[in-house]
Amino acid sequence: MPDPAARDAAEEASAFSHPAVAPDASAAYGDHPDQVVDFYAPRDGRQQAPLVVALHGGAWRAPYDRQHLTPFVDFLARRGFAVANVEYRRGGTIPRQGGTGPVAGRWPDTFDDVAAALDAVPKLAAEHLPQADPRRIVLTGHSAGGHLALWAAARHVLAPDAPWRLPAAPALRGVVALAPIAHFDRAVELGVCGGAVTELLGGEGEFDVRARHADPALLLPTGIATVVVQGRDDVVVPQAVADAYVEAAAKAGETVGLTLLPDVGHFPLIDPAADACAVVAEEIAQLAY
């Protein structure tokens, strides 16, 4: 049996080995440099293509931006999808006092940006990506981006005092969350991404108050078709996190699909060279069409 850490490192190296792919168009949804969406047209030239809105991962930390997701985004475009690749503000590059790595997330900026971007995408796509069909939007995201995708699809479930609350469910065909950080308590128990969840919420003192606005497992049921795709051998965001989210959904009376991929870790889900990436594209197609 291969060493799990060595396997994860090899899978990460493969996923990050592809050159970044430039977008066909870009548009700002705010004044900050990170408030931008890149658009990719379907490579087969089709019109009225389903629109996939993609949110990158990287533990909500500044060093990881949307560029590492562009090979995956291009893979989807080559499968006939129109794609919007969303950037958003993440944590700072300077560690917190006593910390050893970049801070995870900004409160409330990270959530402000994702909400604003999702609200703006239909109008921006109409202008910059006319091949897209705004009536067929599928939301996807990887890891921390998977969390944000699930959260964005649940904004109508937020408490009335939440600034990001929508009056009705967003117009989505569904969500395909890839190895998402979908259940905060379980992720904290497992130390996912070096305490990134607690950092995202501003520390332990803010955790309980803010988690009710940010934890997808507490924002159920959503009434929106949702599928989680998870590698069984993921050591970054282990299967136990996905299992906990699916169980929380079931307790809330909702069925969330769970596609488990054997012999797959964290990064093959967004690696165009991996078979797992084709599975992801098929899951998106199942919702889009």
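Within each chain, residue numbers correspond to sequence positions counted from 1 in written order. For this predicted model, a pLDDT threshold of at least 70 governs which residues receive local features, and a threshold of 80 or more governs which side-chain atom pairs are given and counted, while totals over whole chains, interfaces and linings are taken from all residues. Hydrogens and water molecules were not included; the side-chain quantities draw on all heavy atoms of the structure.

Let's shift gears to the overall build of the protein. Of regular secondary structure, the protein possesses 9 helices and 8 strands. In this description the radius of gyration comes from C-alpha coordinates, and the expected globular size is given by 2.2 Å times residues to the power 0.38. Taken over the C-alpha trace, the protein has a radius of gyration of 17 Å; the compact-globule value for 289 residues is 19 Å, and the two agree within 12%. Taken along its principal axes, the extent of the C-alpha atoms in the protein is 50 × 50 × 40 Å. Accessibility here uses a 1.4 Å probe with only protein chains present; expressed as a share of the type maximum, an area under 20% marks a residue as buried, one over 50% as exposed, and anything in between as partly exposed. For the protein, the residues scored as buried account for 58% of the 289 residues in total. Residue contacts are defined here by distance: any two heavy atoms, one from each residue, within 4.5 Å place the two residues in contact. Taking as baseline every contact in the protein between residues at least 6 positions apart, the subset at least 24 positions apart corresponds to 76%. When charges are counted, Lys and Arg are positive and Asp and Glu negative, with His and the chain ends excluded. Here the site of a charge means NZ on Lys, CZ on Arg, CG on Asp, or CD on Glu. One way to put it: in the protein the 22 positive side-chain charges average out to a point 5 Å from where the 36 negative ones average out. Runs of E in the DSSP output that reach at least two residues are strands. Runs of H or I that reach at least four are helices, and both are numbered from the N terminus.

Within helix α2 (residues 70-78), 8 of the 9 residues are buried, which leaves it mostly tucked inside the rest of the structure. Buried within α2 we find Thr70, Pro71, Phe72, Val73, Asp74, Phe75, Leu76 and Ala77. In the core, the buried residues of α2 are packed alongside β2 (36-40), β3 (49-55), β4 (82-86), β5 (132-142), β6 (174-178) and α9 (275-288).

Where strands meet in a sheet, backbone hydrogen bonds hold them as pairs that are either parallel or antiparallel. Read from one edge to the other, the open sheet built from 8 strands follows the order β1-β2-β4-β3-β5-β6-β7-β8, with strand pairing classed as mixed. Taken across any chain shown, the strands that pair with only one partner, and hence form the sheet edges, are β1 (25-28) and β8 (257-261). In this sheet, neighbouring strand axes are inclined to one another by 20 degrees on average, regardless of whether the strands run parallel or antiparallel. We call two strands paired when DSSP finds no fewer than two bridges between them. When β6 meets strand β7 (residues 226-231), the two strands line up parallel, connected through 4 bridges. Working convention: axes come from line fits to C-alpha atoms, limited for helices to the stretch in contact. Angles between N-to-C directions cover 0 to 180 degrees.

This brings us to the pattern of salt bridges. Salt bridges, as used here, are contacts in which a Lys or Arg side-chain nitrogen is within 4 Å of a carboxyl oxygen on Asp or Glu. Per the counting criterion, the structure on display carries 20 salt bridges. Overlapping salt bridges, with partners in common, bring together Asp34, Asp38, Arg66, Glu87 and Arg90 in one network.

Time to look at unusual backbone geometry. Cis geometry is found at the peptide bond from Trp107 to Pro108, where omega equals 5 degrees. Turning to its location among the elements, Pro108 is positioned in the loop between β4 and α3 (109-128). With an omega of -5 degrees, the peptide bond running from Leu220 to Pro221 counts as cis. With respect to the element layout, Pro221 can be found in the loop between α7 (204-214) and β7. Backbone geometry places Cys193, a non-glycine residue, at a positive phi of 55 degrees. You can see Cys193 is positioned in the loop between α5 (184-190) and α6 (196-200).

A separate point is the packing of aromatic side chains. To pair, rings of Phe, Tyr and Trp, with the six-membered ring standing in for Trp, must have centres within 6.5 Å; the planes then decide the type, stacked if under 30 degrees apart, edge-to-face if over 60, and tilted in the middle. Tallied over the full model, the rule gives 7 aromatic pairs. Taking the centre distance of 5.6 Å and the plane angle of 90 degrees together, the rings of Trp107 and Trp164 count as edge-to-face. Of the two residues, Trp107 sits in the loop between β4 and α3 while Trp164 sits in the loop between α4 (144-152) and β6, which places them 57 residues apart along the sequence. Three or more aromatic residues link up through ring pairs in this structure, and these residues are Trp107, Phe111, Trp151 and Trp164.

Here we come to the nonpolar core. Counting 71 residues, the largest nonpolar core has Phe39, Leu51, Val53, Trp60, Leu139, Trp151 and Ile181 as its most contacted members. For this core, the element with the highest residue contribution is α3, accounting for 8 residues. Those residues in contact with Ile181 that lie beyond four places of it in its chain are Trp60, Ser143, Ala144, His147, Ala187, Val192, Cys193, Val197, Val237 and Val241. Val73, Leu269, Ala285 and Leu287 belong to the second largest nonpolar core, which has 29 residues in total. To form a nonpolar core, buried Ala, Val, Leu, Ile, Met, Phe, Trp, Tyr and Cys residues must be joined to one another through side-chain atoms within 4.5 Å.

Glancing now at the side chain of His142. In this fold, His142 is placed in strand β5. Using a relative accessible area of 3% as the deciding quantity, one classes His142 as buried. Among residues more than four places away in sequence, those in contact with His142 are Leu55, His56, Gly57, Leu178, His266, Phe267, Leu269 and Ile270.

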